[in-house]
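# Architecture at a glance
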Amino acid sequence: MEEISGRQESAKESTKYRLADSIKRCMKTTPVDRITVKDVVEGCDLTRQTFYRNFKDKYDLINWYFDKLVQQSLGKIETGSTVRESLDRKLTFIREEKAFFSGAFRSDDHNSLKEHDFELILQFYNDLLARRIRRPVDDELQFQLEMYCRGSVYMTVKWVLGGMKETPRQMADRLVDAMPPALADVFEQLGLLG
């Protein structure tokens, strides 16, 4: 029974990647806000029903694909990587997928990748800090964390839409160096800054 469930999950994941590849191809020629679900499914020979079994809308698909990126980069902080190293990996992936992220970051829809990135990274850092300091993050640190995450996402979007002139490592260094001092001190004390 477990083997069948595993195969079904693998097939579902494969379908999601097919849809992601299709929307990535669409984004090379069409702004995200003008891409339709019909465009996406026609690009990978799937049906609208298949799309909607997996995603609410095109933004949900874009956000799912981005989540995969975050899991591959920031998730490694748990295994000894630093914030700087993880940001470098995330930005390298964004650069490798330039067409996708350039298109995705241009959208200002309520479900946009910009907002999703902010919520995801804020939750990730909140959870990480709470586990490491063994208590909920206090109000002052929470304020600084929110401000840092919002600014970090804004500067990442600006970097992407501005042509990614700095290397991912240079951009990661800039993002870490811009961390508010009290927040940087906490990350440094926990050995997470790098």
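This section reports on the structure supplied with the text. What you see is a predicted model, and the numbers here were worked out from it, not measured in a lab.

### Comments concerning the nonpolar core
Core analysis: the biggest nonpolar cluster contains 60 residues, and L19, L61, F101, Y125 and F187 have the highest contact counts within it. Look past the residues within four positions of F187 in its chain and what remains in contact with it is V83, Y125, L128, L129, M179, L192 and L193.

### Topic: helix α7 (residues 113–133)
The end-to-end C-alpha distance of α7 is 30 Å, a good match for the 30 Å that 21 residues give at a rise of 1.5 Å each. L113, H116, D117, F118, I121, L122, F124, Y125, N126, L128 and L129 are the residues of α7 that are buried. R134 sits one or two positions beyond α7 and adopts a positive phi of about 60°.

### Observations concerning the packing of aromatic side chains
Tallying each qualifying case throughout the model produces 12 aromatic pairs. Taking the centre distance of 6.1 Å and the plane angle of 45° together, the rings of Y65 and F93 count as tilted. Of this pair, Y65 sits in helix α4 (residues 58–73) while F93 sits in helix α5 (residues 83–96), placing them 28 residues apart in sequence. Judged by its relative accessible area of 6%, Y65 falls in the buried class. Both rings, one in Y125 and one in F187, keep their centres 5.5 Å apart while their planes meet at 85°; by these two values the pair is edge-to-face. Of this pair, Y125 sits in helix α7 while F187 sits in helix α10 (residues 181–189), placing them 62 residues apart in sequence. In terms of burial, Y125 and F187 fall into one category: buried. In this structure, R150 packs its charged tip against the face of F118, placed 3.6 Å from the ring centre.

### Considerations on the packing of α7 against helix α8 (residues 139–161)
Each pair of packed helices gets described by two things: the angle between the helix axes and the distance between those axes. Across the interface, α7 lies against α8 with an axial gap of 9 Å and an inter-helix angle of 140°. Taken together, the axis directions place α7 and α8 in an arrangement best described as oblique. The handedness of the crossing between α7 and α8 is right-handed. Residues K114, E115, D117, F118, I121, L122, Y125, N126 and L129 of α7 touch α8, and the partners they reach there are L141, Q142, L145, E146, Y148, C149, R150, V153 and V157. Across the contact of α7 with α8, the residue classes tally to 11 nonpolar, 2 polar and 5 charged.

### Some remarks on the pattern of salt bridges
Under the defined criterion, the tally for this structure stands at 11 salt bridges. A salt bridge links K38 to E42; its shortest N-O distance comes to 3.9 Å. With K38 and E42 both in helix α2 (residues 37–42), this residue pair falls 4 residues apart, about one helical turn. Of the residues examined, K38 reaches a relative accessible area of 48% and is grouped as partly exposed. R84 is paired through a salt bridge with D173; the nearest N and O atoms lie 3.0 Å apart. With R84 in helix α5 and D173 in helix α9 (residues 168–177), this pair connects stretches of sequence that are 89 residues apart. With a relative accessible area of 13%, R84 lands in the buried category. Each of R84, R169, D173 and D177 takes part in a single network of salt bridges with overlapping partners.

About the cut-offs
Residues numbered from 1 in each chain as written. Predicted model: local features only at pLDDT ≥ 70, side-chain atom pairs only at ≥ 80, totals over all residues. Heavy atoms only, no water. Core = buried A, V, L, I, M, F, W, Y, C linked by side-chain atoms within 4.5 Å. Buried < 20%, exposed > 50% of the residue type's maximum accessible area, 1.4 Å probe, protein only. Contact = heavy atoms within 4.5 Å. Helix = DSSP H or I, 4+ residues; strand = E, 2+ residues; numbered from the N terminus. Expected span 1.5 Å × (residues − 1). Phe/Tyr/Trp six-rings, centres within 6.5 Å; stacked < 30°, edge-to-face > 60°. Lys NZ or Arg CZ within 6 Å of the ring centre and 35° of its normal. Axes fitted to C-alpha atoms, helices over the stretch in contact; angles between N-to-C directions. Parallel < 35°, antiparallel > 145°, perpendicular 65-115°, else oblique. Left-handed = near helix turned anticlockwise from the far one by under 90°. Nonpolar A, V, L, I, M, F, W, Y, C, P; charged D, E, K, R; others polar. Salt bridge = Lys/Arg side-chain N within 4 Å of Asp/Glu carboxyl O.

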